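# Structural overview
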Amino acid sequence: MKKLISMFVAIACLLSCTFAMSACSDNNANKSYKIGVLREDDSSGEAAAWEEYLESVGKSMNITFDFTTTSSSESEVSAINTYASKGYDGILLFSDDDVIASVNAAAGKKMYVVLPTGHPTDEQYNQLKDIPYYLGSVAPVDDTEYQAGYDMAKFFVETKGQKNFTIFGGATCYAVSMHVQRLAGILAYLCEDSGTSYDGVKTREELVGKVAGAGVDPLKFTSSVYSIKGYMDGFAFDDAFSTKLTNSLTAGGTCILTVGAGDAVTGIAFGISQGAKIENIMVGGVDAITSAYADSFDIGYTYDCGKFASAMGPGLVLMMSALEGKKIVDNDGNAPKVGMSYWVATSKEELNDMLKSDNKTDGFCYNKEVLDHFIGNTYEEFLKLCSADYSDAVEIFNEYNK
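Source: prediction; values computed, not measured. (Residues numbered from 1 in each chain as written. Predicted model: local features only at pLDDT ≥ 70, side-chain atom pairs only at ≥ 80, totals over all residues. Heavy atoms only, no water.)

The next subject is the packing of aromatic side chains. Applying the stated criterion across every chain yields a total of 21 aromatic pairs. Judged by centre distance (5.6 Å) and plane angle (85°), the rings of Trp50 and Phe94 are edge-to-face. Of the two residues, Trp50 sits in helix H2 (residues 45–61) while Phe94 sits in the loop between strand E3 (90–93) and helix H4 (99–108), which places them 44 residues apart along the sequence. Across the pair, Phe94 and Trp50 agree in class, each one buried. Centre to centre, the rings of Tyr112 and Tyr133 are 5.2 Å apart; their planes meet at 45°, and the pair counts as tilted. (Phe/Tyr/Trp six-rings, centres within 6.5 Å; stacked < 30°, edge-to-face > 60°. Helix = DSSP H or I, 4+ residues; strand = E, 2+ residues; numbered from the N terminus. Buried < 20%, exposed > 50% of the residue type's maximum accessible area, 1.4 Å probe, protein only.)

As structure tokens, this is what we get:
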């Protein structure tokens, strides 16, 4: 009888444990999260693509995303406090009016923060890396920005046979690093020719020093091979901008290299070319791989380099790894500051092929199956995701969607 009772007790304990483990597993599987997204841009094609991506993967992973558009450090902190009052778990910080203030505000409310579209400066990083709720940043670094400009210039010279250029420097006049680096990359490629220099210099470091906060003076560009017919920067796109662009195009600078806003510049250039009967306008830009740029290829846009919808995936991996108790840190044990590769399309067909692999209707490249592999995985695996170009991204998708 005692043996029989012991056996019933053992079975009951086993069933109880099995039920408890099953319930625990179900609870983890059904656990939901709420993440706030703070951004300054809510109208561009890039912003729309990122929102669609996050909302799509959020539905498949039981994550609620809420988007707030901010315009100042104060509005960022206010939004963070509002999210905290509603029980949100983390913040994806796209805006960066005062990253230190925003991270501290979130950390004070025990909410995790990821920067998925940009990096803090080295000085800011030193203030952030020891904050346990700061999880890191994922975005193209200066080397990537420089290479983007360099590769764009190389494409138009070596593939398209171009020698006469108009250059748009974007926010270079404000010394914004990513635009400065892209512009330096453009000039550095041209200056590889032995007879070419800008204001007497040729190397990346020297060129950065010349153009940061100043832009390009075409009269200081010396070359027996290439010419810069005109240069514009800033984002006013006013009559003065159109006049400079018209003069440059008329002078023969029909290949326009832009460090940003390539769609806007293409539209303006197309209108000018139609009125002035200027043929063979072509534009290259470091912008975004989104459907918003497809139509620009019909009016002269020829080269599109940029982030893509699934570029939000790595930042989400950092966030979800921490929320699931498996925080990813770099080899020094700190919050990662990791570079990201751009995708590049050199035709409308190539752009559309990329979009077919990364959209709401057909599915995103970095979908739930891909994210599940990288969440809580090693730092080395995380680096593979961040460094993937388009062909690598397709391979990653195929690997985890068999």
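Text resumes after the structure shown.
Let us look at the nonpolar core. In terms of nonpolar packing, the biggest core is built from 71 residues, with Leu54 and Tyr366 touching the most fellow members. With residues up to four places along the chain from it excluded, the contact list for Leu54 reads Val37, Phe65, Phe67, Leu92, Phe94, Met312 and Leu316. In this structure, Ala188, Tyr189, Tyr198 and Tyr342 belong to the second largest nonpolar core, which totals 36 residues. (Core = buried A, V, L, I, M, F, W, Y, C linked by side-chain atoms within 4.5 Å. Contact = heavy atoms within 4.5 Å.)

We now examine the sheet that holds strand E6 (residues 164–168). The six strands lie next to each other as E9-E6-E10-E11-E12-E14, forming an open sheet whose pairing is mixed. Only two strands of the sheet have a single neighbouring strand rather than two, namely strand E9 (227–232) and strand E14 (343–345). Strand after strand, the sheet turns through a mean of 20° between neighbouring axes, direction not considered. Taken strand by strand, helix H7 (residues 177–190) contacts E6, E9, strand E10 (255–258) and strand E11 (282–289), and its axis lies near 165° from that of E6. (Pairing = 2+ DSSP bridges. Axes fitted to C-alpha atoms, helices over the stretch in contact; angles between N-to-C directions.)

Next up on the list: the packing of H7 against helix H8 (residues 204–211). H8 packs onto H7 with a crossing angle of 125° between their chain directions and a minimal axis gap of 9 Å. Considered as vectors, H7 and H8 are oriented oblique to each other. You can see that H7 and H8 cross each other, and the crossing is right-handed. Across the interface between the two elements, Val180, Gln181, Leu183, Ala184, Leu187 and Ala188 from H7 touch Arg204, Leu207, Val208 and Val211 from H8. Tallied by class, residues from the contact of H7 with H8 come to eight nonpolar, one polar and one charged. (Parallel < 35°, antiparallel > 145°, perpendicular 65-115°, else oblique. Left-handed = near helix turned anticlockwise from the far one by under 90°. Nonpolar A, V, L, I, M, F, W, Y, C, P; charged D, E, K, R; others polar.)

In the Ramachandran plot, Lys110 falls in the positive-phi region, its phi being about 60° despite a non-glycine side chain. One non-glycine residue, Phe237, lies in positive phi territory at about 50°. Mapped onto the fold, Phe237 is located in the loop between E9 and helix H9 (239–250). For Phe237, a relative accessible area of 26% gives the class partly exposed.

Each pocket or cavity is described by its volume, and for the largest pocket that value is around 1,600 Å³. Every residue lining the largest pocket is counted, 47 residues in all, and those nearest its centre are Asp96, Thr117, Val176, Met178 and Lys307. Looking at the lining of the largest pocket, the elements that each hand over two or more residues are H2, helix H5 (122–128), helix H6 (142–159), H7 and E11. Looking at which domains feed residues into the lining of the largest pocket, each of domain 1 (33–138 + 310–342 + 360–400) and domain 2 (143–307) supplies at least three. (1 Å grid on protein atoms, 1.4 Å probe; cavity = no way out; pocket = protein on both sides within 12 Å on 5 of 7 lines; lining within 4 Å. Points joined across faces, edges and corners; volume = space filled by probe spheres on them. Domains from an automatic or database assignment.)

Moving on, we get to the environment of Ala79. Along the polypeptide, Ala79 turns up in helix H3 (residues 73–85). Ala79 gets classed as buried once you look at its relative accessible area, which sits at 9%. On a C-alpha basis, the gap between Ala79 and Ala269 in space is 40 Å, while along the polypeptide they are 190 residues apart. Those residues in contact with Ala79 that lie beyond four places of it in its chain are Leu38 and Thr68.

Tracing the backbone through its elements, the reader meets Gln162 in the loop between H6 and E6. There is a polar contact of 3.1 Å between the side chain of Gln162 and the backbone oxygen of Lys160. Residues in contact with Gln162, not counting those within four places in the same chain, are Phe156, Val157, Tyr226, Thr254, Cys255 and Met282. (Polar contact = N/O pair within 3.5 Å; in protein donor to acceptor, adjacent residues only side chain to side chain.)

Let us look at H4. By the criterion of burial, H4 is predominantly enclosed, with seven of the ten residues buried. Val99, Ile100, Ser102, Val103, Ala105, Ala106 and Ala107 are the residues of H4 that are buried. Turning to H4, the residues buried within the fold contact H3, E3, strand E4 (112–115), H5 and strand E5 (134–138). Remark: Lys110 follows H4 within two positions and exhibits a positive phi of approximately 60°.

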